[in-house]
Amino acid sequence: MKPYSGARLPVFWCACLVAAAGLLAIEMSFLTLPGIQQDEALFLQPFLHGGSSLFSVAIGGSRLPVMLMDYIGCLKTWLYWPIFQIWHPGVWSIRLPVCIVSAGTLLVFAGLVRRVANGSVAFCAALLLGTDASFLFTNAFDWGPVALLLAGAVAFIALLVRSRRPQAKLELAAAFLFAGVLLWYKTVFAFPLAGISIAFAVVFPRQVRRRLTPASLATAAASLLVGASPLLLFNVRTHGATLAASSYLERVPVAEKLTMMRLTLDGKALEHYMFRSSPGEILPLHGAPLGQLVGSWYAQSSLGPGSFLFAALALSAGALAFTKKSRLFRPIVFAWVAGIATTAFMLAFRDAGAGPHHTVLVYPAPQFIVAATIAALAERLGGRLRRWVAIGAVGLVMSSNCVLLANYRRAALRNGFSVYWTDATRELAADIRKAGKPAAFLDWGIEAGTRIESGDTVQVAALDPPRTGILYVTHCDGYRIDEAATSKIRGFAISHGLAMPGKTIMDSHGREIFFFFELRSDLVGRR
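All figures in this text were calculated on a predicted structure; none of them were measured in a lab.

A. Main features of the overall build of the protein. Looking only at helices and strands, the protein features 22 helices and 7 strands. At 25 Å, the protein has a C-alpha radius of gyration in line with the 24 Å of a compact globule built from 527 residues. Looking at the 527 residues of the protein, the share that counts as buried comes to 53%. The contacts in the protein between residues at least 6 apart in sequence include a share of 76% that link residues at least 24 apart. Surface summary for the protein: the accessible area is close to 23,100 Å², and the carbon and sulfur share equals 65%. In the protein, which carries 48 positive and 29 negative side-chain charges, the distance between the mean positions of the two groups comes to 16 Å.

B. Main features of the pattern of salt bridges. Tallied over the full model, the rule gives 13 salt bridges. In this structure, the salt-bridge partner of Asp456 is Arg451, at a minimum N-O distance of 3.3 Å. Among the salt bridges present, the one from Arg480 reaches Asp477, with a minimum N-O distance of 2.5 Å. Residue classification places Arg480 among the buried residues on the basis of a relative accessible area of 5%.

C. Here's a closer look at the pairing of strand 7 (residues 512-517). Counting buried positions over the 6 residues of strand 7 gives 5, a clear majority of the element. By the bridge criterion, 4 bridges tie strand 5 (residues 471-475) to strand 7 in an arrangement that is antiparallel. Within strand 7, the residue paired with Tyr472 across the bridge is Phe517. Where strand 6 (residues 502-506) meets strand 7, 5 bridges bridge the pair, whose relative direction is antiparallel. For Thr504, the partnering residue across the bridge sits in strand 7 and is Phe515.

D. A look at empty space enclosed by the protein. Scanning all chains against the criterion turns up 3 cavities of 30 Å³ or more. Every residue lining the largest cavity is listed: His272, Arg276, Glu281, Ile282, Leu283, Leu285, Ser418, Val419, Tyr420, Gly478 and Tyr479. Size it by volume and the second largest cavity reaches roughly 60 Å³. What lines the second largest cavity is Asp39, Glu40, Leu42, Phe43, Leu68, Ile72, Lys76, Asp142, Pro145 and Tyr185. The residue inventory of the lining of the second largest cavity, partitioned by class, reads 6 nonpolar, no polar and 4 charged.

E. Structural view of the pairing of strand 5. Judged by how many residues are buried, strand 5 sits mostly within the fold: 5 of 5 residues are covered. Every second residue of strand 5 is oriented toward a common face, with Leu471, Val473 and His475 on one face and Tyr472 and Thr474 on the other, all of them buried. Examined bridge by bridge, strand 4 (residues 439-441) and strand 5 share 3 bridges and lie parallel to one another. Looking at strand 5, one finds that Ala440 is bridged to Tyr472. Handedness of the crossover joining strand 4 and strand 5 through helix 21 (residues 447-453) is recorded here as left-handed.

F. Representation of the sheet that holds strand 4 within the structure. An order of 4-5-7-6 is seen for the 4 strands of this open sheet, with the pairing classed as mixed. Edge positions in the sheet fall to strand 4 and strand 6, since each of these pairs with one other strand and no more. Ignoring strand direction, the axes of neighbouring strands in this sheet form an average angle of 25°.

G. The layout of surface pockets, seen in detail. Taken as a whole, the second largest pocket spans an internal volume of roughly 1,000 Å³. Counting only elements with at least two residues in the lining of the second largest pocket, the list comes to helix 3 (91-116), helix 6 (147-162), helix 7 (169-185), helix 8 (190-203), helix 9 (205-211), helix 10 (214-227), helix 16 (329-348) and helix 18 (365-378). Per element, the largest residue contribution to the lining of the second largest pocket is 7 residues, and it comes from helix 16. For the lining of the second largest pocket, the class distribution of residues is 31 nonpolar, 6 polar and 5 charged.

Basis of the calculations
Residues numbered from 1 in each chain as written. Predicted model: local features only at pLDDT ≥ 70, side-chain atom pairs only at ≥ 80, totals over all residues. Heavy atoms only, no water. Helix = DSSP H or I, 4+ residues; strand = E, 2+ residues; numbered from the N terminus. Rg over C-alpha atoms; globule rule 2.2 N^0.38 Å. Buried < 20%, exposed > 50% of the residue type's maximum accessible area, 1.4 Å probe, protein only. Contact = heavy atoms within 4.5 Å. Areas by Shrake-Rupley, 256 points an atom, 1.4 Å probe, with all protein chains shown as cover. Lys, Arg positive; Asp, Glu negative; His and termini not counted. Charge placed at Lys NZ, Arg CZ, Asp CG, Glu CD. Salt bridge = Lys/Arg side-chain N within 4 Å of Asp/Glu carboxyl O. Pairing = 2+ DSSP bridges. 1 Å grid on protein atoms, 1.4 Å probe; cavity = no way out; pocket = protein on both sides within 12 Å on 5 of 7 lines; lining within 4 Å. Points joined across faces, edges and corners; volume = space filled by probe spheres on them. Nonpolar A, V, L, I, M, F, W, Y, C, P; charged D, E, K, R; others polar. Right-handed = clockwise from strand over helix to strand, strands pointing away. Axes fitted to C-alpha atoms, helices over the stretch in contact; angles between N-to-C directions.

Written out as structure tokens, the structure reads:
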């Protein structure tokens, strides 16, 4: 593949804009189908009535939210503040901005690849990324959250590439400022940051040594510290709460993480967890270690073979030795080192890499590796054959991506979504608001979506002590993560001779999802 000439630059960017628009259109076609998930709405906590962040600082007469959890900062909360001043929190206002961010990520990625490879590789890699189910869904629903991390990682590399010149101090400072901000936003960014840094040192040692001047090191360190300063302030005030938090995170077996990585690459990690595999699917949540339960979820699939990206990546690994004479060899090796190092760090650290919102952080390295390897191998061929072989190989992977997305769409319409992404929260919110009573939520995954769907009009009540005048909301049998809270309230009612009149809420496919009830003494003995 030949690089695009300057005369064809507008053609390149027009093609990439079409690809970005296509990504946005696909995301928007799914955007309103599932309900709002609890983790997806985490960043809204400071916006909700009576809500607050884990850590905040006083500024004048107000408090500025800084940390949502020990390892998640309030960057997204800050960025959405102006949006929510003019657009009330809801499905569109929560999801559309991160969809736009994902389109921006694709464009920055295409520009970066064009700089280090050529326009043809860049466009092909952008097509692979823009049709990748894991990339699309983890961005559109951003429960990780990962949309800003993926955008920031690509921007970080792009800025470092531009900072190769000794006089490019601004680009160097911006790169490490971005990195610091992303570390504050979510400390798991330390894994791709370390992977990218190792890749630069291994693949471009001369250039790195040339840039390791005292001035450059001081600029990078100062910028990183400034960007991460909210995280550092939090840990100073809490005596290292972020590091302490790692001690209580569950250790996940390496085999389970490797399975999740494969499922992420073949695009099927969102089946079962988000999209139901069948209309009556109920995932087992108890009775075995979580790893075994997750393994049982993915034992069967109704989505077909999935994306060919994983197979193409495996073939690319085998073909690496045949690309040594290509000028694309070093960028390909860089992507391999960055991806493998990032994966290795996640495999070594407790629960990192156990879900698609972690494993997707190796993106967009796989898409670049596949597109660049195809181009490097095609260089051995002549004339038109080279072009058609490359187009055919990339088209095959992209076609498998599109077939998988169509199967996901079919599953969404026929089977609906798992209980934690259920659209039943919309009816639940309407009924609770109509009842006009405070609500106590007895299980994980109900409160945030219900409050947002109600326009934040639901008054949240404390669980204890059990009492009358409260609506107790729980999942129906088979869907509860925490049985204890529901059992406690029901036990109290039985021991005190109280009735528990209530209502079952169904999703759009007619499945019983939620049940809310209240404790009543005036109904005891009535028929």
